[in-house]
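Commentary on secondary and tertiary structure
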Amino acid sequence: MTDNYKEITEQDDYIEQAGRIVRDRSIEAGRDMTYHVTTFGCQMNARDSEKLTGILEACGYVYEEEESLADFVIYNTCTIRDNADQKLYGHLGSLVNIKKRRSDMIIAVCGCLPQEKSAFEKIKNSYSFVDLIFGTHNLFDFPRLLVKVLTRENTKGKGHLVSEIWDGTDRIVEDIPVKRNYSFKSGVNIMFGCNNFCSYCIVPYVRGRERSRESADIISEIRSLAADGVVEVMLLGQNVNSYGKGLDENISFAQLLKQVEKIEGIKRIRFMTSHPKDLSDELIDVMASSEKICKHIHLPLQSGSTKLLRSMNRQYTKEQYIELALKIREKITDIAITTDLIIGYPGESEDDIEDTLDVIEKVRFDGAFTFIYSKRSGTPAASMPDQIPEEVAKKRFARVLDKVQQMSCEMAAKNEGRVLDVLVEDINRQDPGLVTGRLSNNLTVHFPGDPSLIGRIVPVKLTECKGFYYIGE
Ligand code: 5AD
Ligand code: SF4
C-alpha cells in the first residue's frame, strides 16, 4: 500500500465520521449545517479552497453565501503583503460579537498566514474565539482536524483551540476531494513551494521547499477533468519553469506541456508563474508551435534596475530581461506579456524608477500588477538599510501605474476590429444581456449572449476597446 493510498483511506474515514456528526446536528437543528469559505491571495489558494469546499460538502455541509450566518466559517489566508494580513484581521474583528451570540459557530483559519510564527501567535492570542488553525502543508489532513474540532468537549475558553501547524513538508497527498468553482475550467497544481528566496518575499518561508508532482499524477488528473467537461486548465506553481527538478523521472516543464497538449477535450492551457531566470528556449518553442497553450505569459520583472534586481536576488539583469521578453515576442505571434512590479523596495532611487519605466517602454507590457513594497519580517529585505518612506513610494507608484496603464491600453487597442476566440465564463454582472469571456491573451470581452454559451469557445468580433477590456459581437 503506498503512503498516498493509506493517507486517502484514512481521510475518507474521517470524512465519514464528520459526516455523521454533521447529519446529527442537522437533524437536531431541523435545518442544513452550512459553511462559508473566504479566500485571500493567489491562484494556489483559490485551488486550495476548492479542496476545502470539496471536503466540507463531502461531510454534508451546505454553502451559505452570508459569512456571518454560516455554522462553519473558514478563512484561507495569504501573507504576501501586509494588506493581506489586515484583510483577515478585519474579517475576524467583524465576527467577535456574532461569535459571542452564537457560540456553536466554528471559525477556522488556514493557509499561508498562520505558518508564519508571529501571525499564528497573534491569531491565537488576539482572536481567542478562533476554533481551528492549520496551514498549507497539512491541508490534506483537514478531515481529521474537522472531526477533532467537532468532537471537542470544551468549546469555549482556554483549551478549546485545535491547532496544528507543520514547519514544512516533503510530501504531496493526491486525490483530495475537490469542488470546482467553474465547471469548464480548473487550476491544476504541478508543484508546491519555492526555492528562490527573493529578498522581499515570505513565500519560501511559509510554503516551504519546491516539490513537483509526478507527471503521471498530473496527466491523470487533467484527463479526468477533461472527462468531466473541463476545457481550460491553469497549471499552477510558484515557479513552473523549474518543474521536474528533484523528481526521479527526467522531465522539464516544456515536456510536461507537450503531454498536456495531447489530452483530448482540453482546448486551452495556461500556466502561472514563470520566473525569468528559468525560462528556457525549449518552452518558447513549445509555446510557439502549440495550438492549445494560450498566448499569454506572466513574467514578473519586479524592478527594471539591475542594482535592485541584484539586491532582490532575482538572478537576471535589466538587459537580460529585455532580451528574453523581446525574444518571446519575436517567436510567439500575438503573445501578451504581463508582469509584477514592486515599488518602494529598500534602497530604491529615482534612477531605479527610470530603469523600470524604460523596461515598460521597451517590452510594452500588456498588463502589470504594481505593488508597493511591504516589509515581511524574517526576509532579508526587512532589515536592509534605506527603507523608503511611504509618501515617496506612493508618488513613485502613481507614476509607474500611469505608465503601465497607458501602455496596456495601447497594446489592447491593437486588437480592435479582429475576430478572436473567446471562452465564455459568466453572465455579465452589470448587464444580464451580456456574457463575459476571455481571449487567449487573457483580456476580457463582453458581448451579447445567453447562459447557454458559458463554457464554450466562440469567435467574437472585438468592436470596441475600452482600455482593459473589449466590447464585442
Ligand atoms: N511586497 C510587495 N510585493 C510583493 N510581492 C511579493 N512579496 C512582496 C512584498 N514583500 C509581489 C511580487 C510577486 C507577487 C506575487 O507579489 O511582485 O511577483
Ligand atoms: Fe516569492 Fe521569488 Fe518565490 Fe516568487 S520566485 S514566490 S517572488 S521567492
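Before any of the text, the structure's been laid out above.
Note that the structure is predicted; figures quoted are calculated from it, not measured. (Residues numbered from 1 in each chain as written. Chains lettered and ligands numbered in written order. Predicted model: local features only at pLDDT ≥ 70, side-chain atom pairs only at ≥ 80, totals over all residues. Heavy atoms only, no water.)

As a further point, take the pairing of strand S18 (residues 457-465). Bridge count for strand S15 (residues 419-427) against S18 is 5 bridges, and the pairing is antiparallel. Within S18, the position partnered with Leu 423 by the bridge is Ile 457. Taken together, the 3 bridges between S18 and strand S19 (residues 469-472) define a ladder with antiparallel strand orientation. When the bridges of S19 are listed, Cys 465 appears paired with Tyr 470. The antiparallel pairing of S18 with S19 creates a hairpin that spans 3 residues between the two strands, and Gly 467 there sits at a positive phi of about 95°. (Pairing = 2+ DSSP bridges. Helix = DSSP H or I, 4+ residues; strand = E, 2+ residues; numbered from the N terminus.)

The subject of this paragraph is the packing of aromatic side chains. With the rule as written, the count across this model stands at 15 aromatic pairs. Each ring, one from Tyr 182 and one from Phe 184, has its centre 5.5 Å from the other, and the planes form 65°; the classification is edge-to-face. Through a chain of ring-to-ring contacts, the aromatic side chains of Tyr 61, Phe 72, Phe 134 and Phe 142 assemble into a single cluster. The cationic tip of Arg 81 hangs over the ring face of Phe 371; the distance from NZ or CZ to the ring centre is 3.7 Å. For the cation-ring pair, Lys 185 lies above Tyr 182, with the distance from its terminal atom to the ring centre recorded as 4.6 Å. (Phe/Tyr/Trp six-rings, centres within 6.5 Å; stacked < 30°, edge-to-face > 60°. Lys NZ or Arg CZ within 6 Å of the ring centre and 35° of its normal.)

Here we come to the state of the cysteines. Counted by the stated rule, this structure contains 0 disulfides. Cys 78 provides the cysteine sulfur closest to Cys 42, a residue in no disulfide bond, and the two sulfurs are 6.4 Å apart. No disulfide involves Cys 78; its sulfur sits 6.2 Å from the nearest other cysteine sulfur, which is in Cys 112. (Disulfide = S-S within 2.5 Å.)

Pairing between strand S13 (residues 336-343) and strand S14 (residues 367-372): 6 bridges, direction parallel. Looking at S14, one finds that Leu 341 is bridged to Thr 370. Crossover handedness for the path S13 to helix H12 (residues 350-363) to S14: right-handed. (Right-handed = clockwise from strand over helix to strand, strands pointing away.)

With 16 residues, helix H2 (residues 43-58) extends 23 Å from end C-alpha to end C-alpha; this agrees with the ideal 22 Å at 1.5 Å per step. The buried fraction of H2 amounts to 12 of the 16 residues, a majority that puts the element mostly inside the structure. Of all the positions in H2, only Met 44, Asn 45, Arg 47, Asp 48, Ser 49, Glu 50, Lys 51, Leu 52, Thr 53, Gly 54, Ile 55 and Leu 56 are classed as buried. (Expected span 1.5 Å × (residues − 1). Buried < 20%, exposed > 50% of the residue type's maximum accessible area, 1.4 Å probe, protein only.)

Our next topic: the site of ligand 1. Every residue close to ligand 1 is listed here: Ile 80, Arg 81, Tyr 200, Gln 302, Asp 340, Ile 342, Phe 371, Ile 372, Tyr 373, Ser 374 and Arg 376. Contact between ligand 1 and Gln 302: an oxygen atom at 2.6 Å from a side-chain N or O atom of the residue. In the model, a nitrogen atom of ligand 1 is placed 2.8 Å from a nitrogen or oxygen of the Ser 374 main chain. In isolation ligand 1 has 400 Å² of accessible area, and contact with the protein removes 87% of it. Counting residues per element, the ones that place at least two in the shell around ligand 1 are S13 and S14. Split into classes, the residues belonging to the shell around ligand 1 amount to 6 nonpolar, 2 polar and 3 charged. (Near = heavy atom within 4 Å. Polar contact = N/O pair within 3.5 Å; in protein donor to acceptor, adjacent residues only side chain to side chain. Areas by Shrake-Rupley, 256 points an atom, 1.4 Å probe, with all protein chains shown as cover. Nonpolar A, V, L, I, M, F, W, Y, C, P; charged D, E, K, R; others polar.)

Once that is clear, we can look at the site of ligand 2. Residues in close proximity to ligand 2 include Cys 194, Asn 196, Phe 197, Cys 198, Tyr 200, Cys 201, Val 203, Pro 204, Gln 238, His 275 and Arg 314, which together make up its full environment. Its residues assigned to classes, the shell around ligand 2 comprises 7 nonpolar, 3 polar and 1 charged.

It is worth spelling out the packing of helix H3 (residues 82-101) against helix H4 (residues 117-126) at this point. Each pair of packed helices gets described by two things: the angle between the helix axes and the distance between those axes. Here H3 crosses H4 at 10°, and the two axes come no closer than 12 Å. Overall, the two elements H3 and H4 adopt an arrangement that is roughly parallel. Touching Leu 88, Tyr 89 and Leu 92 of H3 are Ala 119, Lys 122 and Ile 123, all from H4. Among the residues forming the contact of H3 with H4, the class breakdown is 5 nonpolar, no polar and 1 charged. (Axes fitted to C-alpha atoms, helices over the stretch in contact; angles between N-to-C directions. Parallel < 35°, antiparallel > 145°, perpendicular 65-115°, else oblique. Contact = heavy atoms within 4.5 Å.)

Note that every value here comes from positions in space, so none of it alone points to a role or purpose.
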